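Descriptive structure summary
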Amino acid sequence: MELSRASLSSVPAASRPRIAAPAPGIVHLGVSAFHRAHQAVFTEDAMAAAGGDWGIVHVAPRSPQIVGAMRDQDGLFSVTTLGPDGSSTRVIGSSAGQILAAADPDAVVKLLADPAVKVVTLTVTEKGYRLDPATGRLLLDDELRADLETGRSPRTVPGLLIRGLCARRRADAGPIALVSCDNLPANGHRVRGLIDTLAVAKGVSEWVQENVTCPGTMVDRIVPATTAATLDLAARTLGVRDRAAVNGEPYSAWVIEDAFPAGRPAWDQAGAVLTDDPRPWETLKLRSLNGVHSAIAYLGAVAGRETIAAALELPGLAGVLRRLITEDIAPSLVPPSGVDTVAYGEQVLTRFANPAIEYRTVQVAMDGSQKLPPRVLHTIQQRREAGAVPRWAALVVAAWMRFVQGVSDEGRPLPLDDPLADRIRARLAAGPSTPDGVVDALLGLDTIFSPDLAEDAELRVVLVEWLTALDKHGVAATLAGA
Ligand code: CS2
């Protein structure tokens, strides 16, 4: 039997949704596994605690499978929490509709102009915003230009948003909050910059200034991609098949800037922290969690380790990561008051070691061109401005430079899944394959490395040293000798 409203009576009572089918109040763009295990759960819990019409209309930009699965299941899906000593599964009922934007972009535009919709949340990954990773400025490429300048249905996320806002203005549907739930630095500010630029292009700046807010957020839960094992475990626990099942770690956190002009769910009653400035949390999390995750991913993938937890067992790696956190990351930031960066880093390492979470190193390694700046390069930049040489953060960059060459220490191919893959390959092919040649070729990618970093001779020396060690001795011996 398949999961659906009709089959819910066969699901164990403790796993059933905590709310009845809600009326829509939120549009969510990007129906990722992470979203389903994070904002969808917080929103269900908020409605269970305090009511409100905050059902989520799920909009997938271009993934027919998830829209099909959720439609077949009346919007229901399950989240399995995987602890080191056992798991629990619950069905989430906060979805109030599902749309495939690629098939029906006008339906999305119409929805954004509906006065019942008061909040838009987004998990479209770093690259979905079309921002230059080094500067945060909007990249007006041909596709986005066509969304802005022609009457065709929008194909990009920024195009959908601005078209929806223009329709909302015409419909006089009232104010709205656009909430990025992606790991972008100062995500609220970046979305604000993006929307303001588009609003100027469309001549709607005044309305957008008065009616649209872009609250910043820090989002956190480790949610690996769904596999056949995820689906099997959900089916065994629920007694029905769930094609939209996800799994994640027990830890979950959400810090949200409280700037919602038309109201919001009582997320605070579901464990989220509402604040006037989430940025200290964002910086802490991006550099100390995501930066360390990327470090393990590049070193682990090159060393031939499949998962993050398996990579963490590489002799010497945990010690290197502790030095990265203590010597480079902690001095690069001011943590939220009452939080100690080194203690936070220890907690992160414990979370990464959870053996029940099978997060593949190559999944975290993807999109490095987008991830490196906020996760690692901002740490390096800050330390260089303070006159220090952040050796361990430089090792992470060298490991990325080693990874993008596409072959592991054991000679196996490594996937380069990155929006800049062609440029990265072209630069590598144009120069010598020596450590010096590779470092120079990649530092020349100006959408990743700011001029300050690209022209930093002292940093270059450390990168060449690390890359030489990785090339000559491999990851295992480099870590052992570090
Ligand atoms: C990960 C993140 O895939 C990745 O790049 O670093 O998805 C990470 O698991 C989450 O941000 C944790 O909150």
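Residues numbered from 1 in each chain as written. Predicted model: local features only at pLDDT ≥ 70, side-chain atom pairs only at ≥ 80, totals over all residues. Heavy atoms only, no water.

With that settled, the discussion passes to the confidence of the model for the protein. With 100% of its residues at a pLDDT of at least 70, the protein reaches an overall mean of 97. For this predicted complex, the interface confidence score (ipTM) comes to 0.99, while the overall pTM stands at 0.96. (pLDDT = per-residue confidence, 0-100.)

Quick look at the environment of Leu312 now. Summarising the element assignment, Leu312 is placed in the loop between helix H12 (308-311) and helix H13 (317-329). By relative accessible area, Leu312 is classed as buried at 12%. Here the alpha-carbon distance between Leu312 and Leu349, two residues 37 residues apart in the chain, equals 8.5 Å. (Helix = DSSP H or I, 4+ residues; strand = E, 2+ residues; numbered from the N terminus. Buried < 20%, exposed > 50% of the residue type's maximum accessible area, 1.4 Å probe, protein only.)

Backbone hydrogen bonds hold the strands of a sheet together, and the pairing may be parallel or antiparallel. Judged by pairing direction, the sheet is mixed, and its three strands sit side by side in the order E9-E11-E12 without closing on themselves. If you trace the sheet from one side to the other, it starts and ends with strand E9 (217-220) and strand E12 (273-275), each paired once. This sheet shows a mean twist of 15 degrees between the axes of neighbouring strands, independent of strand direction. As judged from the three bridges shared by strand E11 (residues 253-257) and E12, these two strands associate in the parallel manner. Bridging across to E12, Val255 finds its partner in Val273. (Pairing = 2+ DSSP bridges. Axes fitted to C-alpha atoms, helices over the stretch in contact; angles between N-to-C directions.)

To continue, consider the environment of Ile424. Assignment of secondary structure puts Ile424 in helix H18 (residues 421-430). Since its relative accessible area comes to 0%, Ile424 is described here as buried. Residues Ile424 and Arg391, spaced 33 residues apart in sequence, show a C-alpha to C-alpha distance of 24 Å.

Let us now look at the packing of H13 against helix H17 (residues 391-403). Running from N to C, H13 and H17 point in directions that differ by 125 degrees, and their axes come no closer than 8 Å. When the axis of H13 is compared with that of H17, the two are oblique. Counting all contacts with H13, which are made through Val320, Arg323, Leu324, Glu327 and Asp328, the residues of H17 involved are Arg391, Trp392, Ala393, Leu395 and Val396. When grouped by side-chain class, the residues that make up the contact of H13 with H17 number six nonpolar, no polar and four charged. (Parallel < 35°, antiparallel > 145°, perpendicular 65-115°, else oblique. Contact = heavy atoms within 4.5 Å. Nonpolar A, V, L, I, M, F, W, Y, C, P; charged D, E, K, R; others polar.)

Attention now moves to the side chain of Thr379. Note that Thr379 resides in helix H16 (residues 368-385). Owing to a relative accessible area of 2%, Thr379 belongs among the buried residues under this scheme. If sequence neighbours within four positions are ignored, Thr379 has contacts with Arg287, Asp328, Ile329 and Ser332.

A separate point is the site of the ligand. The local shell around the ligand consists of Asn183, Val219, Asp220, Arg221, Lys285, Leu289, Asn290, His293, Tyr359, Val364, Lys371 and Arg375. For the ligand, an oxygen atom lies 2.8 Å from a polar atom in the side chain of Lys371. Note that an oxygen atom of the ligand is positioned 2.9 Å from one of the side-chain N or O atoms of Arg375. Surface burial for the ligand is 90%, taken as the share of its 340 Å² of free accessible area covered by protein chains. (Near = heavy atom within 4 Å. Polar contact = N/O pair within 3.5 Å; in protein donor to acceptor, adjacent residues only side chain to side chain. Areas by Shrake-Rupley, 256 points an atom, 1.4 Å probe, with all protein chains shown as cover.)

Moving on, we come to the UniProt feature "domain: Mannitol dehydrogenase C-terminal" (unreviewed entry) in the protein. Under the UniProt annotation, "domain: Mannitol dehydrogenase C-terminal" (unreviewed entry) lies at residues 279-460. Helix makes up 64% of residues 279-460 and strand 0%. Its end C-alpha atoms lie 30 Å apart. (UniProt positions renumbered as here; feature names shortened; annotations may be inferred.)

Here we come to the nonpolar core. Trp400 and Met401 are the most contacted members of the largest nonpolar core, which has 71 residues in total. If you tally residues by element for this core, the top one is H17, at eleven residues. Among all residues touching Met401, those that are not within four sequence positions of it are Val438, Val439, Leu442, Leu443, Phe449, Leu463 and Leu467. Of all hydrophobic cores here, the second largest spans 40 residues; its members include Leu112, Leu148, Val157 and Ile195. (Core = buried A, V, L, I, M, F, W, Y, C linked by side-chain atoms within 4.5 Å.)

Taken as a whole and judged by the stated rule, the model has four cavities of 30 Å³ or more. Computed from the structure, the largest cavity encloses a volume of approximately 80 Å³. Every residue along the wall of the largest cavity is listed here: Glu126, Leu131, Asp132, Pro133, Asn183, Leu184, Pro185, Arg190, Gln370 and Pro374. Here the second largest cavity is characterised by a volume of approximately 50 Å³. Lining the second largest cavity we find Asp182, Asn183, Leu184, Asn187, Thr217, Met218, Val219, Glu282, Lys285 and Leu286. (1 Å grid on protein atoms, 1.4 Å probe; cavity = no way out; pocket = protein on both sides within 12 Å on 5 of 7 lines; lining within 4 Å. Points joined across faces, edges and corners; volume = space filled by probe spheres on them.)

Right, let's talk about the environment of Pro105 for a bit. Looking at the secondary structure, you find Pro105 in helix H4 (residues 105-112). Classification of Pro105 as buried rests on a relative accessible area of 10%. In this structure, the C-alpha to C-alpha distance between Pro105 and Arg190, residues 85 residues apart in sequence, is 24 Å. Not counting chain neighbours up to four residues away, the residues in contact with Pro105 comprise Ser153, Pro154 and Leu160.

A few words on the UniProt feature "domain: Mannitol dehydrogenase N-terminal" (unreviewed entry) in the protein. According to UniProt, the feature "domain: Mannitol dehydrogenase N-terminal" (unreviewed entry) maps to residues 25-268 in the numbering used here. Within residues 25-268, the helical portion is 39% and the strand portion 22%, while the C-alpha atoms at the span's ends are 17 Å from each other.

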